[in-house]
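# Commentary on secondary and tertiary structure
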Amino acid sequence: MIKPVGSDELQPRYVYDPDTHHALTHEAESLPSIVVSSQAAANAVMMGSGYFNPLQGYMNVADSVSCAETMQMTSGAFFPVPVMCLVENTDAIGDAKRIALRDPNVEGNPVLAVMDIEAVETVSDEQMQSMTASVYGTDDPEHPGVAAFNSQGRVALSGPIQVLNFSYFITDFPDTFRTAVEIRNEIAERGWKKIVAFQTRNPMHLAHEELCHMAMDRLGCDGLVIHMLLGQLKPGDIPAPVRDAAIRKMVELYFLPNSAMVTGYGFDMLYAGPREGVLHAYFRQNMGATHFIIGRDHAGVGDYYGAFDAQTIFDELPEGALEIEIFKADHTAWSKKLNKVVMMSEAPDHEKDDFVLLSGTKVREMLGQGIAPPKEFSRPEVAKILIDYYQSIN
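All values derive from a computational prediction rather than experimental measurement. (Residues numbered from 1 in each chain as written. Predicted model: local features only at pLDDT ≥ 70, side-chain atom pairs only at ≥ 80, totals over all residues. Heavy atoms only, no water.)

## Quick notes on the sheet that holds strand β10 (residues 260-265)
- Strand order across the open sheet formed by five strands is β10-β9-β8-β11-β12, with parallel pairing between neighbours. Strands with a single pairing partner mark the edges of an open sheet, and in this sheet they are β10 and β12 (325-328). Averaged over all pairs of adjacent strands, the angle between their axes in this sheet comes to 30 degrees, without regard to strand direction.
- Sheet analysis places strand β8 (residues 195-200) next to strand β9 (residues 223-229), joined by six bridges and oriented parallel. The partner of Thr200 across the bridge, within β9, is Met228.
- Relative to the sheet, helix α7 (residues 180-190) contacts β8, β9 and β10, its axis offset from that of β10 by approximately 175 degrees.
- In this fold helix α9 (residues 240-254) packs onto β8, β9 and β10, with an angle of close to 165 degrees to the strand it touches most, β9. (Pairing = 2+ DSSP bridges. Helix = DSSP H or I, 4+ residues; strand = E, 2+ residues; numbered from the N terminus. Axes fitted to C-alpha atoms, helices over the stretch in contact; angles between N-to-C directions. Contact = heavy atoms within 4.5 Å.)

This is the structure:
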């Protein structure tokens with residue numbers, strides 16, 4: 001199996017030993033504690049799951065700025081985005097060196113992790129601006145990722161963590177949330193050697209489904225891991241339980257047995273386009289995928305990024321940064337001429353009207369009115385689940 005990034009074996013920060021877990025949980029109740037941001041909590045879940053291997057904890061400011069600007073920490077270790085714990089102030093913890101981090105997304109704010117503080121630093125406005133522009137490619141406060149990043153405090157806590165639970169992901173999505181450790185184990189159990197991963201924060205329409213089939217066929221893959229984001233999204237995005245149900249129905253009906261896994265991970269969407277595409281590839285290697293699909297405007301939002309920026313950025317990575325290979329895909333759509341889904345770049349004799357193309361706004365309008373998109377756009381069984389959702393909120 002492909003090695004994780006930066007180590008021979010995964011080094012998840014979750015405390016698996018039951019005795020140590022019990023002792024740490026007991027200790028945490030007496031430690032000074034602080035409720036962290038949703039982004040910091042998601043970072044803890046990703047480190048606990050092994051997805052951010054080999055990170056041991058939150059980065060200090062120098063490493064965060066270096067990762068933002070160069071995709072490398074000050075040591076030279078590769079990581080495509082800062083992984084920070086930003087808070088408003090340290091009033092709740094004083095000058096403590098060992099603290100409990102509390103979950104902002106679960107009622108009662110239970111302890112998420114225990115942290116050994118190595119540094120408490122103030123992030124300057126210039127440093128925040130530099131990190132924002134480098135990671136998101138814009139400082140526009142209307143960009144949802146920029147807004148979320150800059151809504152946190154300016155005090156950075158850094159140091160190693162020990163993770164005690166996986167927040168709401170394991171309770172809300174028990175059949176879907178999986179750690180990188182668990183996915184690697186399942187890949188081994190299934191006997192897969194060549195695995196392609198597909199990222200989604202949306203339900204999968206016919207073009208997405210066919211893109212996965214194309215990638216599997218062209219790469220000669222044994223299996224596909226559909227790996228959906230389960231964390232915080234921008235307003236208007238379809239909730240994870242609805243996406244989960246729609247994708248599971250699609251796989252049940254339109255994929256061969258033992259050819260696709262439906263899984264999810266606990267992270268908040270950054271909408272960082274190219275830089276998030278690299279992060280997506282990074283943690284897909286950690287979960288055991290050998291290949292990763294990067295399509296048009298991957299992880300983008302609005303008009304902030306070029307259509308293929310998330311593909312060309314891989315040409316800029318430090319040599320040897322990642323072993324996972326990228327399957328570069330164009331926009332896929334139903335060809336009226338060929339009577340099948342094709343990559344639009346592979347149909348040079350087509351005009352725009354030769355494809356079945358619907359905007360996201362148009363699809364949402366149709367679903368909200370109880371109208372299923374055409375079968376050339378969406379499987380009817382998937383459309384029914386989405387219609388039921390939209391009618392439930394209207």
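## Some details on the pairing of strand β7 (residues 155-163)
- In terms of residue burial, β7 counts as a mostly covered element, since seven of its nine residues are buried.
- The pairing of strand β2 (residues 57-58) with β7 spans two bridges and is classified as antiparallel. Across the sheet, residue Gly57 finds its bridge partner in β7, namely Pro160.
- As paired elements, strand β3 (residues 86-87) and β7 share two bridges and run antiparallel to each other. (Buried < 20%, exposed > 50% of the residue type's maximum accessible area, 1.4 Å probe, protein only.)

## Observations concerning the layout of surface pockets
- The space that makes up the largest pocket amounts to roughly 1600 Å³.
- For the largest pocket, the lining is made up of 48 residues, of which Asn202, His208, Arg296, His331 and Gly360 are closest to its centre.
- Tallied by class, the residues present in the lining of the largest pocket amount to 22 nonpolar, 16 polar and 10 charged.
- Its boundaries defined by the atoms lining it, the second largest pocket holds a volume of some 210 Å³.
- Lining the second largest pocket are 14 residues, and of these Gln39, Ala148, Gln232, Asp268 and Met269 sit closest to its centre.
- Put simply, the parts of the chain that give the lining of the second largest pocket at least two residues each are α2 (38-49) and α5 (144-150).
- The residue inventory of the lining of the second largest pocket, partitioned by class, reads six nonpolar, six polar and two charged. (1 Å grid on protein atoms, 1.4 Å probe; cavity = no way out; pocket = protein on both sides within 12 Å on 5 of 7 lines; lining within 4 Å. Points joined across faces, edges and corners; volume = space filled by probe spheres on them. Nonpolar A, V, L, I, M, F, W, Y, C, P; charged D, E, K, R; others polar.)

## Examining the packing of helix α12 (residues 360-368) against helix α13 (residues 380-393)
- Two elements in contact, α12 and α13, have axes whose closest approach is 8 Å; the angle formed by their N-to-C orientations is 75 degrees. Here α13 runs roughly perpendicular to α12, going by the angle between their axes. Contact residues: Arg364, Leu367 and Gly368 in α12; Ala383, Leu386, Ile387, Tyr390 and Gln391 in α13. (Parallel < 35°, antiparallel > 145°, perpendicular 65-115°, else oblique.)

## Looking at the environment of Ile247
- Tracing the backbone through its elements, the reader meets Ile247 in helix α9.
- It is 41 Å that separates the C-alpha atoms of Ile247 and Ile117, two residues lying 130 residues apart in sequence.
- For Ile247, the residues in contact, after removing those within four places along its chain, are Thr200, Asn202, Met204, Ile226, Met228 and Val262.

## Some thoughts on the side chain of Asp330
- Relative to the assigned elements, Asp330 resides in the loop between β12 and β13 (332-335).
- Not counting residues within four places of it along the chain, the set of residues in contact with Asp330 comprises Arg296, Phe308, Met343, Met344 and Ser345.

## Observations regarding the sheet that holds strand β14 (residues 340-343)
- Taken in spatial order, the three strands line up as β14-β13-β15 in an open sheet, and their pairing is antiparallel. A single partner strand is all that each edge strand has here, and the edge strands are β14 and β15 (355-356).
- On the sheet, helix α8 (residues 206-219) packs against β13 and β14 and is oriented at approximately 65 degrees with respect to β14.

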